[in-house]
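# Examination of the molecular architecture
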Amino acid sequence: MTPRTKLVLLLLCAAQFIIALDFSILNVALPVLGRDLGMGQADLQWAVTAFALPSGGFLLLSGRIADLFGRRKLFLIGLALFTGASVLAALAWSPAVFLTGRALQGLGAAVIVPTGMSLLTTTFAEGPQRERALGISGTLLSMGFTIGMVLGGVMTDSLGWRSTMGLLAVAGVAVLAAAPVLLTESRHPRRPRIDVPGAVTVTGGLLSLIYALSTAAEQGFGHPDVLVTLVAGLALLAAFVRVESRADQPLVSLPMLRRRTVAWGNLAGLTTFAMMSTAVFLMTLYLQEVLRLSAFLTGLVFGVQGVVSAVAGLVAPKVIGRLGARRTLLTGLLLQAGFTATLLGMGTGSGVWLALTSVSFASLGHLWAIISYGVTATSGVPDAEQGLATGLVTSSQQVGITLGIPLLSAVASAHIAALRADGSGFADATLGGIKLGLGLDAALVAVVALLVAAGLRTVRTTRRG
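The name an unreviewed UniProt entry assigns to the chain is MFS transporter, from the organism Streptomyces caniferus. What the UniProt record of the chain gives under Subcellular location (unreviewed entry) is the line "Cell membrane".

## Side note on the nonpolar core
Across soluble globular proteins, you tend to see nonpolar side chains buried next to one another. In terms of nonpolar packing, the biggest core is built from 65 residues, with Phe75, Phe98, Met165, Leu183 and Leu329 touching the most fellow members. Ignoring any residue separated from it by four or fewer positions in sequence, one finds Phe98 in contact with Leu26, Leu33, Leu37, Ala47, Ala89, Ala92 and Trp161. Judged by nonpolar contacts, the second largest core, of 22 residues, contains Met276, Met283, Ala355 and Leu431.

## Remarks on the packing of helix H1 (residues 3–24) against helix H6 (residues 95–123)
Remark: H1 packs on H6, axes separated minimally by 9 Å, with the N-to-C direction vectors making an angle of 150 degrees. When the axes of H1 and H6 are compared, the pair comes out roughly antiparallel. The chirality of how H1 crosses H6 is left-handed. Residue-level contacts link Val8, Leu9, Leu12, Ala15, Gln16, Ile19 and Asp22 of H1 to Arg102, Gln105, Ala109, Ile112, Val113, Gly116, Met117, Leu119, Leu120 and Thr123 of H6. Here the residues of the contact of H1 with H6 sort into 11 nonpolar, 4 polar and 2 charged.

## Some details on the side chain of Asp441
As for its position among the elements, Asp441 is in helix H17 (residues 426–464). It is Lys435 that comes nearest to the buried, bridge-free Asp441 among opposite-charge side chains, at 15 Å. Residues in contact with Asp441, not counting those within four places in the same chain, are Met275, Thr278, Ala279, Thr340 and Leu408.

## Concerning a nonpolar patch on the surface
A contiguous nonpolar patch, built from Val307, Val311, Leu314 and Val315 and spanning about 360 Å² of accessible area, is present on the exposed surface. Residue class for Val315 comes out partly exposed when judged on its relative accessible area of 32%.

## Brief notes about the environment of Ala238
Relative to the elements of secondary structure, Ala238 occurs in helix H10 (residues 224–246). Here Ala238 falls in the partly exposed class, since its relative accessible area comes to 48%. Sequence-wise, Ala238 and Val202 are 36 residues apart; in three dimensions their C-alpha atoms are separated by 8.9 Å.

## Observations concerning the packing of aromatic side chains
For any two aromatic rings, the description comes down to two numbers: the centre-to-centre distance and the angle of the planes. Scanning the entire structure with this criterion turns up 2 aromatic pairs. Consider the rings of Phe98 and Trp161, whose centres lie 5.4 Å apart with planes at 85 degrees: the pair is edge-to-face. Pair noted here: Phe98 is in helix H6 and Trp161 is in the loop between helix H7 (128–159) and helix H8 (162–182), with a separation of 63 residues, a long-range link. Like Trp161, Phe98 is buried.

## What to know about the environment of Trp161
For Trp161, a relative accessible area of 3% gives the class buried. The spatial distance from the C-alpha of Trp161 to the C-alpha of Val32 is 7.0 Å, given a sequence separation of 129 residues. Among the polar contacts made by the side chain of Trp161, one reaches the side chain of Asp36 at a distance of 2.8 Å.

What counts as what
Residues numbered from 1 in each chain as written. Predicted model: local features only at pLDDT ≥ 70, side-chain atom pairs only at ≥ 80, totals over all residues. Heavy atoms only, no water. UniProt positions renumbered as here; feature names shortened; annotations may be inferred. Core = buried A, V, L, I, M, F, W, Y, C linked by side-chain atoms within 4.5 Å. Buried < 20%, exposed > 50% of the residue type's maximum accessible area, 1.4 Å probe, protein only. Contact = heavy atoms within 4.5 Å. Axes fitted to C-alpha atoms, helices over the stretch in contact; angles between N-to-C directions. Helix = DSSP H or I, 4+ residues; strand = E, 2+ residues; numbered from the N terminus. Parallel < 35°, antiparallel > 145°, perpendicular 65-115°, else oblique. Left-handed = near helix turned anticlockwise from the far one by under 90°. Nonpolar A, V, L, I, M, F, W, Y, C, P; charged D, E, K, R; others polar. Lys, Arg positive; Asp, Glu negative; His and termini not counted. Salt bridge = Lys/Arg side-chain N within 4 Å of Asp/Glu carboxyl O. Patch = residues over 30% accessible without salt bridge, like charges linked within 9 Å, V, L, I, M, F, W, Y side chains within 5 Å. Areas by Shrake-Rupley, 256 points an atom, 1.4 Å probe, with all protein chains shown as cover. Phe/Tyr/Trp six-rings, centres within 6.5 Å; stacked < 30°, edge-to-face > 60°. Polar contact = N/O pair within 3.5 Å; in protein donor to acceptor, adjacent residues only side chain to side chain.

This is the structure:
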């Protein structure tokens, strides 16, 4: 890499890191935030959902618009929107203003993530250079989620919850100042029409699905709002597939999804992000609600995980160079599943060291899976379609992070409520719900690892033939 391309990589990774921070930095601060703004316990989920809805719902559309009208231009617009929204959230004087800021942050993130990844993959040629760039980007993305939880606790205790939003605003200004100097424009060689029916159905479907699962985490899957939006979301996504199969210039190229590397790679990516973010969330509950650790000590546990993740990200390109992307992906998924399963040995009286060790090694596998799935899902795709390919990659990441936590936390919450109804104490019931969530988490990752192994083995066999 030249000095300039190194700076470009640093800039794009910094943008991804900021978005990852925003996903988790408020988790520990929610109770304090609620008291300050007068938000009830039932309303606190909207501090997360208001960001998750637009950030997951508009990803594919943003990636396509960037392909057509300029990735650099859209990247700068997304950064400006995200930075301004962070200032609004930091200064919020009412719940409505705060939630508006969070929603605008999510919309900015939906633009930054796919455009940033497209700029990265078109800047670095396929091969070792791109693998290294994706490795660094994936490492920082995963670390951002973890470090956000650490910073959230420390900053809330020392400076108040508003400082977390202020940090995002300051970081956004720094990246926005450097981006126009370092980035060059990149767009699709032609300017095809935007697939409006596809955009409406996929955006509406993702919004409905994310809303349904986020609401189910608080109100259960039997609530009317959840059922209606869940059915609507699935129907719209089914309609999206039908629309795309008939569109002259589709938003998502179905032939691309027929590439086994793209399809299986993205399934692996969605799963590893969804289940690792869920494991971190459930472990936060365990450490704070069952073992009664402070936010600071909880942060130290995840700080160790962050160090392991950094090391894993640095060595991942070498592992890929030795084993290949396919074997590294499968190894990473199996490590993540196996060490998540060991967390089922936790108890109500002890488990800090088990939690620290298992979460850290699960994160090592997670990082290997992240980097190798990014390499797998974008390999062999022409530059003209990199926006679509990276849009799928980033959608897998963001939708995974968005859907995993509400889905399994809803299952865990229902089990906790059932155990409490049967007379179990708070700690025992909470631990039982967390273990159920972690068990399902490990099982899903293991099953997907087997499916991906079979799917990518077919690719290798076909290519040899």
